Amino acid sequence: MSFLNPYLLFGSLALAIPVLIHLVRREKSEIIPFSSLMFLLKVPKRSIRQQKIKNLLLMALRLLLLALLVGAFARPYMTQPAKPVLNANSNRGTVLMLDTSYSMRYGDNFEKMKTEARKRIEAMRDADRMAIVVFNNSASMLSRPTSDKNTLKAAVDTLEPSFEGTVYYDAFTLADRALNQFGGDQKQLIVISDFQKNGWNRSSRESVIGHDVKIETVNLAVKDWNNLGIESVAVEPTSFTRMYAGRLVARIRNYGKDRPIEVPVSVSLNEKEVNRKNVTISANSSALAEFTGFDLQLGFAKGRVRIEHEDPLKVDNDFLFVIERREKLNVLVVDAGRAKQSLYLRQAFTSTPDLPFEVTTITASAVTPEELARHEVVIINDVPRLPDKVRDKMDELRKTGQGQLIILGENAETGWWNSYAKLPVKAVQKISVAKDRGKPSVSITTYDRHHAIFKAFEKSTRVALNSAQFIAYVEVEARPGGVVLAKYDDGSPVIVESGKDDHGMLVFNSTVDNRLWNDFPLKPAFLPLFHEMIHYLSRYNESRSWYQLGEGIPLIASLDNAGAAVIDPKGERVSLGQLALGQEKFFLPMMPGFHEIRVGPDARTVAVNPPSSEGNLDSMPPEDLIASVQRTEAESQQAGFLGSDEKDDYARRQIGWWYLLLFALMAGVAEIYIANRAYKTS
C-alpha cells in the first residue's frame, strides 16, 4: 500500500488533541471534611468502572474519527495488482507483432513474415489466446485477443505490405496494452520484422514491455542485400514557357557496399519518355542525374524518373513529380495617363521573358468594365477617380476571384476615394514628411512577417523593406474589417488589405513612379514585394513538385463555401467537406501516386512518393531493440509493475478513500450520540 498525498499523514499529529482534552477534563478528587458518612448512599465500585469505560470509548471514537479523516485525505491505494503465480500448464496470452512497412517489400520477405505468423497461430493450444498488432509508420490492432485460429489466419491472409516507413515505439506501446488484457495468463510477445535500423532511435530507452513477458523475435533481415533507389528529385514545379528551361536533378543512391553500378535513368511526362542518360554510382554513395529542355503542354504534367535496374526492392526505382505549365498572369494597369507613370511597374513585371506576367496599360478615362473582366489582377495606379461603372464592376469581379491593387498617390482625389464604400481605408490627408512629421523621410519598418506578400523578405537577408525612403504619402486609416499589413516608422499604415467579407483588395499609399514621393522603385525590395502582391491577389498558390507519404497537403479555398475533394490514384473520390474563403485544410494521403485535388472550380495534381529512407535496409540486432523496450526486474519492482503515468492513473482510480470518509461520518455520528448521553448523565 502507498499514499497519493503522503504529506497529509502529518495530520495524524492531531490524534493528540482528544487525549489532551480528556486529560484536561478529568475530574479531580477533592477531600471534604465530613463528620459522618452513615447517612450517604453507597455507590458500588462497578458503577465507577463503567463510567470510566464510557469516557475511554468516547476518546477512542474521537481518535478514530481523526485517524479516518487523515487517512482519507492522504489517499491510500494498492501499489500493484497481485502478481499471479504462473506455471507451465497455465494458459498463454500471445501478441503477434507484424512489420508491414515499405522495406518488407524486399524480395519475398513479406510472404516469409505471413508464413511465420501462420506457424505461431498453429502452435496455439485450445485455451491460449492471441492478438495481432501490425505496424509501419503507425500501429494498429489487426485482431483482438481470441482463441479462434481460423479468425487469426484470415486476418493474416488479408495483410498487404504498405508504402510507409518503420516506427517501433508505437507498436510496442500497443502490444503492451494488448498484453495487459490477458490477466493471469503467461504473456508472450512475438516480433516478426526485418528490424530495419532506421525505425529506432538507439540513443533512447523506452521501457514499455513488462519484465514478465517472454519475447521471441523472428529476424527476416537479409544479410547480403543490395538495392538501388532514387532518393529525391529537384524540379521547378511551375513553368510559364513551353520549353522547360529549369533543371531537373535526380539523386540516385547505391546502397550496395561492394561495387559501383552504371544504370540508365529516364524522364517521362504523361507516360511519354522525354530524356534518358546513363549514370555511374559508386558503392554506398549517391550520384546526380540532370535533365532540361523538354517540351511542356498547358496544365499539369505527370512526371516520372525511372532507373532500369533489377533489384529485390523495385518500388524506389521510380520517383513521381508534377510540373504545371501555366499561362502568364494577365495584369491590367490603369493610370492617369501621365508620361512614364507606370514605367517602373511595367519593368517590374516584364523585365525578362521568364516572368509570369502579361501586362496591359490603359488610362482611367478609357478603361471599360469589359476590359476589367479580361484580367486576373487590376492595378489602379494613382488615378484621381474611376468611372462609376468601372468601380461597380470591380466589386463584382472581386467576388469571382479577381485581385485588385489600389495605389493612392499625389493624383488621388481623397474625397472621391473616401466615397468608395468598399475601399478598406479612409484617406485623411496627403503628408509631406519634412513639413508634417518634422524629419526628412520615413521608411517601412513594421510588417506582418507571416503574410504571403512578405515571404521573400523572410527568406533573404540581403533584401530589406526599410532601405527605401518615403518623403510623402497619403495618410490613411483602416476602416472596420481592413487589415494593416505594413507601417511606416511613424506608425502610419502603408499597406492595408480588405477584410474576409470582401477579400481581394490591397491598398498602397504612396507613388511608384520615382518622381518626388519616394525612391522605392529603385530599391531591390520593390520587385519582390510587387511580384508577391500580384501572386497573392491572383490566388496563385505555387504547389510543390512532390510530397512524401505522411506529409499533409494544404488545400486553400479561393472562393466562398467551396467544396473540397480528392481523387486518389485508384480513381476513388474522397470528400473533404466545405471550405470557407481563405480557410486552409490539410489532406493526408494514404498511398503513393498522383492525386487530383479539387477545391471548388480549381483542380491540381500532386505527386506522392514513399519515404526514401526505407530503401536503406541496414538492420540492427533484435536483442538490442528488445533490451531497449523491456523493463528490467528492478524497473518493474520500482514501478510496481506499472509505468509512472499508469501508476498515477491506477492510484487515482482507486476509491478506498471514499470508504474511509464514510466510516469517519459514522464515527462522528456515534461520537455525538455518546457524548450527549455522557453529558446528560454527568
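Model, not experiment: these values are computed from the prediction. (Residues numbered from 1 in each chain as written. Predicted model: local features only at pLDDT ≥ 70, side-chain atom pairs only at ≥ 80, totals over all residues. Heavy atoms only, no water.)

**As for the sheet that holds strand β14 (residues 299-307)**
Move 1: Taken in spatial order, the 5 strands line up as β9-β15-β14-β11-β12 in an open sheet, and their pairing is mixed. Two strands lie at the open edges of the sheet, namely β9 (238-239) and β12 (272-281), each paired on one side alone.
Move 2: Examined bridge by bridge, β14 and strand β15 (residues 318-325) share 8 bridges and lie antiparallel to one another. Pairing of lysine 302 across the sheet is with valine 322, part of β15. (Pairing = 2+ DSSP bridges. Helix = DSSP H or I, 4+ residues; strand = E, 2+ residues; numbered from the N terminus.)

**With respect to the sheet that holds strand β32 (residues 602-609)**
Move 1: Overall, mixed pairing links the 5 strands, which are arranged β26-β32-β31-β28-β29 in an open sheet. The open sheet is flanked by β26 (547-548) and β29 (573-579), the only strands paired with a single partner.

**Digging into the packing of helix α6 (residues 343-350) against helix α12 (residues 526-537)**
Move 1: It is the contact of α6 with α12, at a shortest axis distance of 10 Å, that shows an interaxial angle of 75 degrees. When the axes of α6 and α12 are compared, the pair comes out roughly perpendicular. Across from Tyr344, Leu345, Ala348 and Phe349 in α6, the residues of α12 making contact are Phe526, Leu527, Phe530, His531 and Ile534. (Axes fitted to C-alpha atoms, helices over the stretch in contact; angles between N-to-C directions. Parallel < 35°, antiparallel > 145°, perpendicular 65-115°, else oblique. Contact = heavy atoms within 4.5 Å.)

**Considering helix α4 (residues 149-157)**
Move 1: For α4, the set of buried residues is Leu152, Ala155 and Val156. Each buried residue of α4 sits inside an arc of 100 degrees when the element is viewed along its axis, so together they form one side.
Move 2: Next to the buried residues of α4 lie β3 (92-99), α3 (109-122), β4 (129-135) and β5 (139-146).
Move 3: For α4, the capping residue at the N-terminal end is aspartate 148, with a side-chain oxygen 3.0 Å from the backbone nitrogen of asparagine 150. (Buried < 20%, exposed > 50% of the residue type's maximum accessible area, 1.4 Å probe, protein only. Arc of directions from axis to C-beta. Polar contact = N/O pair within 3.5 Å; in protein donor to acceptor, adjacent residues only side chain to side chain.)

**Quick word on the pairing of strand β6 (residues 186-193)**
Move 1: Burial within β6 is extensive, with 7 of its 8 residues counted as buried.
Move 2: As defined by bridge partners, β3 adjoins β6 across 7 bridges and the pair is classed as parallel. Bridge assignment links leucine 96 to a residue of β6, and that residue is isoleucine 190.
Move 3: By the bridge criterion, 6 bridges tie β6 to strand β7 (residues 214-219) in an arrangement that is parallel. By the bridge assignment for β7, isoleucine 192 is matched with valine 218.

**Digging into the packing of aromatic side chains**
Move 1: For the coordinates displayed, the defined rule picks out 20 aromatic pairs.
Move 2: Aromatic pair tryptophan 225 and tyrosine 255: ring centres 6.4 Å apart, planes at 45 degrees, arrangement tilted. Taken as a pair, tryptophan 225 in the loop between β7 and β8 (228-234) and tyrosine 255 in the loop between β10 (248-254) and β11 (261-269) lie far apart in primary sequence, 30 residues in all. Of the two residues, tryptophan 225 and tyrosine 255, neither departs from the other in class, the shared state being buried.
Move 3: Relative to phenylalanine 530, the ring of phenylalanine 520 has its centre 6.4 Å away and its plane inclined at 50 degrees; by these criteria the two rings are tilted. With phenylalanine 520 in the loop between β25 (505-508) and α12 and phenylalanine 530 in helix α12, the pair connects residues that are 10 residues apart, well separated along the chain.
Move 4: Linked through ring pairs, Phe470, Tyr473, Tyr488, Phe508, Phe520, Phe526 and Phe530 together constitute an aromatic cluster.
Move 5: Directly above the aromatic system of phenylalanine 163 lies the positively charged group of arginine 105, at a separation of 3.8 Å from the ring centroid. (Phe/Tyr/Trp six-rings, centres within 6.5 Å; stacked < 30°, edge-to-face > 60°. Lys NZ or Arg CZ within 6 Å of the ring centre and 35° of its normal.)

**Digging into helix α13 (residues 622-629)**
Side chains three or four residues apart in an α-helix point the same way, a direct result of the helix having 3.6 residues per turn.
Move 1: Buried within α13 we find Pro622, Leu625, Ile626, Ser628 and Val629. Within α13, the buried residues cover an arc of 165 degrees as seen down the axis, which keeps them to one side.
Move 2: Tucked inside the fold, the buried residues of α13 contact α5 (169-180) and β7.

**Considerations on unusual backbone geometry**
Excluding glycine, residues mostly have negative phi values, and the peptide bonds linking residues are mostly trans.
Move 1: One non-glycine residue with positive phi stands out, namely glutamate 271, at about 65 degrees.
Move 2: The residue glutamate 271 is located in the loop between β11 and β12 in this model.
Move 3: Of note in the backbone geometry, asparagine 284 takes a positive phi value of approximately 55 degrees without being a glycine.
Move 4: Along the chain, asparagine 284 falls in the loop between β12 and β13 (285-291).

**Focus on a nonpolar patch on the surface**
Move 1: A cluster of nonpolar side chains, contributed by Tyr659, Leu662, Phe663, Leu665, Met666 and Val669, occupies part of the molecular surface with about 640 Å² of accessible area.
Move 2: Looking at the secondary structure, you find methionine 666 in helix α16 (residues 656-681). (Patch = residues over 30% accessible without salt bridge, like charges linked within 9 Å, V, L, I, M, F, W, Y side chains within 5 Å. Areas by Shrake-Rupley, 256 points an atom, 1.4 Å probe, with all protein chains shown as cover. Salt bridge = Lys/Arg side-chain N within 4 Å of Asp/Glu carboxyl O.)

**Considering the environment of serine 538**
Move 1: By the element assignment, serine 538 lies in the loop between α12 and β26.
Move 2: Placed 163 residues apart in sequence, serine 538 and histidine 375 show a C-alpha to C-alpha distance of 9.7 Å.
Move 3: Beyond its immediate chain neighbours, meaning those up to four positions away, serine 538 contacts Leu329 and Val377.

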